[in-house]
Amino acid sequence: MLALSDLAADRPHICGVGGPLEDIDIMGKRKAPELYRAPFPLYTVKIDPKTGLIITAGGGGASKTGIKNGVHFLSFELVGSQHSATLLHSHDTGICATMNMALGGDVIAAGQDGNCSLMQFRQRARKEARPTVTKDGAGEQGGTRRRGGKGQNGNRGGDVSRTKDDSLQVLVEDIGTVQSDLSPQDPVQKCVCFSSDLKLLLTGGADGFIRVWEFPSLKEKLKFKAHKDEVEDLHISPDNKHIVTVGRDFACNLWSGDQLALGLCWHENMPHITQKMYRSQSCRFAKVEDQKDALRLYTVQIPHKRERKPLPCYLTKWDGRSFLPLLTKPCGNEVISCMNVSDSGTFLGLGTITGSVAIYIAFSLQRLYYVQESHGIVVTDLAFLPDDPKSKPAKGNNEVAMLSVAVDSRCQLHSVRTRKCGIAAGHPDCPGHGATWLLRDATHCGRVVKARRAGRDSALQEVGKRVVNELGVPGRGSPTSPIPTTSVCCDPSAL
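Conventions and cut-offs
- Residues numbered from 1 in each chain as written.
- Predicted model: local features only at pLDDT ≥ 70, side-chain atom pairs only at ≥ 80, totals over all residues.
- Heavy atoms only, no water.
- UniProt positions renumbered as here; feature names shortened; annotations may be inferred.
- Helix = DSSP H or I, 4+ residues; strand = E, 2+ residues; numbered from the N terminus.
- Buried < 20%, exposed > 50% of the residue type's maximum accessible area, 1.4 Å probe, protein only.
- Contact = heavy atoms within 4.5 Å.
- Areas by Shrake-Rupley, 256 points an atom, 1.4 Å probe, with all protein chains shown as cover.
- Pairing = 2+ DSSP bridges.
- Axes fitted to C-alpha atoms, helices over the stretch in contact; angles between N-to-C directions.
- Salt bridge = Lys/Arg side-chain N within 4 Å of Asp/Glu carboxyl O.
- pLDDT = per-residue confidence, 0-100.
- Disulfide = S-S within 2.5 Å.
- Phe/Tyr/Trp six-rings, centres within 6.5 Å; stacked < 30°, edge-to-face > 60°.
- Core = buried A, V, L, I, M, F, W, Y, C linked by side-chain atoms within 4.5 Å.

An unreviewed UniProt entry lists the protein chain under the name Prolactin regulatory element binding, with Electrophorus voltai given as the organism. Listed under Subcellular location (unreviewed entry) in UniProt, the entry text for the protein chain is "Endoplasmic reticulum membrane".

Structure follows, in structure tokens:
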């Protein structure tokens, strides 16, 4: 008798996406839309949920190469069916490139060499302005530069900085600096974040220390040696009770204040992985949609050494209360360079050192979207569009939208449209009724689709009927209550 696994050979095109059921990449080696190109390498990007501004930063550092250092403020909008980013303001950061930053309300905490520099920004209406033309695209401070898709009118040369009456102007003020790394040689702040209540500012340095500052007073509250080597990433839980840190010393640690609470081991049930075969690269706390009290922690593990046959990287999902691993899955052989989580906790974004970008479904760690070598060089940061009314118009008809920046100076947009499947099924929430796939019903719907597709072959008619009957799927027109969950086009086989 044929089992459910035998039906997978039919390989249906779920939601209009071809390929095997194990993967649902909706893009191959195509390039994602380019929103903006800066005159310097980009290392970090954030989106302000209050104003909808894109804030991206980078530079050439202190070396005298002629490459500037700065923070760029971009407006982001949907014009017709095309997304557009407009440079509103370029803030010069002198001889220091911003390598990482965190956003806390209207304050930017920027990692510049061994310091954390704080800048406050605000918007106001511009009364008078005039057009300017620049070669490097930076323009005058406050100048407007627009790029939509591949560029306005296909222009990739000198950009025209245009300003208009009544357009917005961004004002930036330096409000303070703290020393966040005390390495004797080449001090570097490696990571930074604010607590969710904006009362704490946390920094991690190349000296292995975590420093916690009271905000906005910038009084040092805690300082402790978290790792023997550089701190790669850190994050603080929403209740401020726990800090998770990852370092180049192979450790992923959980802290309660400055006390080590637990060393997290993701491969206890994977005997083929030895102690120093992998190291953790990124960590993020995230909430669980529709579960108010639930909390998750996500970590990325990358191979410590490069092998002739590349080893896979891994994603791990942890219970954010008990800190037990819930699920670990490989996420490809390209080395992960950065990770981020959407505000709702529904999606994970990954960037790689080879320039590829992917979006995963957080609850199943299943890849939803992938563009190979979209940037062609290391992806340095990712930012999801916030789940905020200000960002909703720019999001358009997309289930999820994410920005990526890289050393190639480009800011790209990656999005997954809210898609209709077009596959007939009996459940009123299934594609036959014009709805998108429900996350909670993905397994249920997917097996039904397999069974019904298999049912086209007379040899599998009985198998299809049996599966449908076992799952208790109502026939077309049978009333069932819709399930109030966020929908997304996904591959059900891997759930």
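Picking up after the structure, the text goes on.
Q: Just checking my understanding: could you explain the overall build of the protein chain for this structure?
A: A count of helices and strands for the protein chain gives four helices and 31 strands. Looking at the 495 residues of the protein chain, the share that counts as buried comes to 54%. Considering only contacts within the protein chain whose residues lie at least 6 apart along the sequence, 56% involve residues at least 24 apart. Counting only carbon and sulfur atoms, one obtains 49% of the accessible surface of the protein chain, whose full area is about 22500 Å².

Q: I'm lost on the sheet that holds strand β17 (residues 231-236) in this one. Help?
A: Strands pair in a sheet through their backbones, by hydrogen bonds, and they do so in one of two ways: parallel or antiparallel. Ordered by their spatial adjacency, four strands build an open sheet running β17-β18-β19-β20, and the pairing between neighbours is antiparallel. Taken across any chain shown, the strands that pair with only one partner, and hence form the sheet edges, are β17 and β20 (259-263). The mean inter-strand angle of the sheet, taken between neighbouring strand axes irrespective of direction, is 25°. The sheet contact formed by strand β18 (residues 243-247) and strand β19 (residues 252-256) spans four bridges and is antiparallel. Bridged to Ile 243 within β19 is Trp 255.

Q: It is not clear to me how the pattern of salt bridges should be interpreted in this structure. Could you clarify?
A: Once their charged atoms are close, side chains differing in charge can pair, the charge on each being opposite to the other. Overall, the coordinates contain 11 salt bridges when judged by the stated rule. In this structure, Glu 230 engages Lys 190 in a salt bridge whose closest nitrogen and oxygen atoms are separated by 3.1 Å. A residue pair is termed long-range when its members are at least 10 positions apart, and Glu 230 in the loop between β16 (220-225) and β17 and Lys 190 in strand β13 (residues 189-194) qualify at 40 residues. Given the relative accessible area of 27%, Lys 190 is considered partly exposed. Across the pair Lys 395 and Asp 387 runs a salt bridge whose closest N-O atoms are separated by 3.7 Å.

Q: What should I look at first to understand the confidence of the model for the protein chain in this one?
A: When pLDDT is low, close inspection of the predicted coordinates is not appropriate. A residue-level look at the protein chain finds 70% of positions with pLDDT of 70 or above and a mean pLDDT of 78. For residues 1-26, every residue scores under 50 in pLDDT, and the model assigns this stretch 62 contacts once sequence neighbours within four places are set aside. Considering only residues more than four positions removed or in separate chains, one finds that residues 422-461, a stretch of pLDDT under 50, has 111 contacts.

Q: Can you help me understand the sheet that holds strand β14 (residues 200-205) in this one?
A: Spatial ordering of the open sheet is given by β13-β14-β15-β16, a layout of four strands whose pairing is antiparallel. Single-partner strands in this sheet number two, and they are β13 and β16. Ignoring strand direction, the axes of neighbouring strands in this sheet form an average angle of 15°.

Q: Looking at this model, I keep getting lost on the UniProt feature "repeat: WD" (unreviewed entry) in the protein chain. Mind explaining?
A: According to UniProt, the positions carrying the feature "repeat: WD" (unreviewed entry) are residues 192-223 and 224-256. For residues 192-223, helix accounts for 0% and strand for 59%, while the C-alpha atoms at its two ends are 14 Å apart. Helix and strand shares over residues 224-256 are 0% and 55% respectively, and the end C-alpha atoms of the span are 12 Å apart.

Q: It is not clear to me how the state of the cysteines should be interpreted in this structure. Could you clarify?
A: As used in these notes, a disulfide is a covalent bond between sulfur atoms, one from each of two cysteines. A complete count under the given rule lists zero disulfides for this structure. Looking at the unpaired Cys 191, the closest cysteine sulfur is the one in Cys 193, lying at 7.6 Å. The buried category is assigned to Cys 191, whose relative accessible area is 5%.

Q: Help me understand the packing of aromatic side chains, please; the structure alone is not making it clear to me.
A: For any pair of aromatic rings, geometry is given as the distance between the ring centres together with the angle between the planes. Taken as a whole and judged by the stated rule, the model has seven aromatic pairs. Taking 5.6 Å as the distance between ring centres and 50° as the angle between the ring planes, the aromatic pair formed by Phe 73 and Phe 121 counts as tilted. You can see Phe 73 sitting in strand β4 (residues 69-79) and its partner Phe 121 sitting in strand β8 (residues 115-125), a full 48 residues away along the chain. As far as burial versus exposure is concerned, Phe 73 and Phe 121 are alike and both buried. A ring pair is formed by Phe 285 and Phe 323, whose centres lie 6.3 Å apart and whose planes are at 80°; its orientation type is edge-to-face. Of this pair, Phe 285 sits in strand β21 (residues 278-288) while Phe 323 sits in the loop between β23 (314-319) and β24 (325-330); the two residues are 38 residues apart in sequence, bridging distant segments of the chain.

Q: Where do I start with the nonpolar core in this structure?
A: Nonpolar side chains in soluble globular proteins tend to be buried together. Among the nonpolar cores identified, the biggest contains 20 residues, and Leu 35, Tyr 36, Ile 54, Phe 76 and Leu 403 are the most heavily contacted of them. Of all elements in the fold, only β1 (34-37), β2 (42-47), β4, β5 (82-92), β30 (398-406) and β31 (410-417) reach the threshold of two or more residues within this core. Tyr 298, Val 300, Cys 313 and Cys 331 belong to the second-largest nonpolar core, a separate cluster that totals 18 residues.

Q: Help me understand the side chain of Ser 344, please; the structure alone is not making it clear to me.
A: With respect to the helices, strands and loops of the structure, Ser 344 is situated in the loop between β25 (336-341) and β26 (347-352). The exposure class assigned to Ser 344 is buried, which follows from its relative accessible area of 12%. If sequence neighbours within four positions are ignored, Ser 344 has contacts with Lys 287, Val 288, Glu 289 and Asp 387.

Q: What exactly am I supposed to notice about the pairing of β16 here?
A: Within a regular strand, side chains alternate between the sheet's two faces. Pairing between strand β15 (residues 209-214) and β16: five bridges, direction antiparallel. Each bridged residue has a counterpart across the sheet, and for Arg 211 the counterpart in β16 is Lys 223. Here β15 folds back onto β16 in antiparallel fashion, the turn holding five residues, of which Leu 218 has a positive phi close to 65°.

Q: Where do I start with the pairing of β8 in this structure?
A: Looking at chain direction, strand β7 (residues 107-112) and β8 are connected through six bridges and run antiparallel. The residue of β8 that forms the bridge with Gln 112 is Asn 115. Linking two consecutive strands that pair antiparallel, namely β7 and β8, is a turn of two residues; a positive phi of about 55° is found at Asp 113 within it. Of the strand pairs in this sheet, β8 and strand β12 (residues 168-179) are connected by 11 bridges, and their pairing is antiparallel. Residue Arg 124 lies in a different strand from β12, and its bridge partner there is Gln 169.

Q: Help me understand unusual backbone geometry, please; the structure alone is not making it clear to me.
A: The phi angle of most residues is negative, glycine excepted, and most peptide bonds adopt the trans form. Between Phe 215 and Pro 216 the backbone carries a cis peptide bond, its omega angle lying at 15°. Relative to the assigned elements, Pro 216 resides in the loop between β15 and β16. Phi at Asp 186 takes a positive value of approximately 50°, unusual for a residue other than glycine. Tracing the backbone through its elements, the reader meets Asp 186 in the loop between β12 and β13. With phi around 55°, Leu 365 is a residue other than glycine that occupies positive phi space. Topologically, Leu 365 is positioned in the loop between β27 (357-361) and β28 (366-371). With a relative accessible area of 3%, Leu 365 lands in the buried category.

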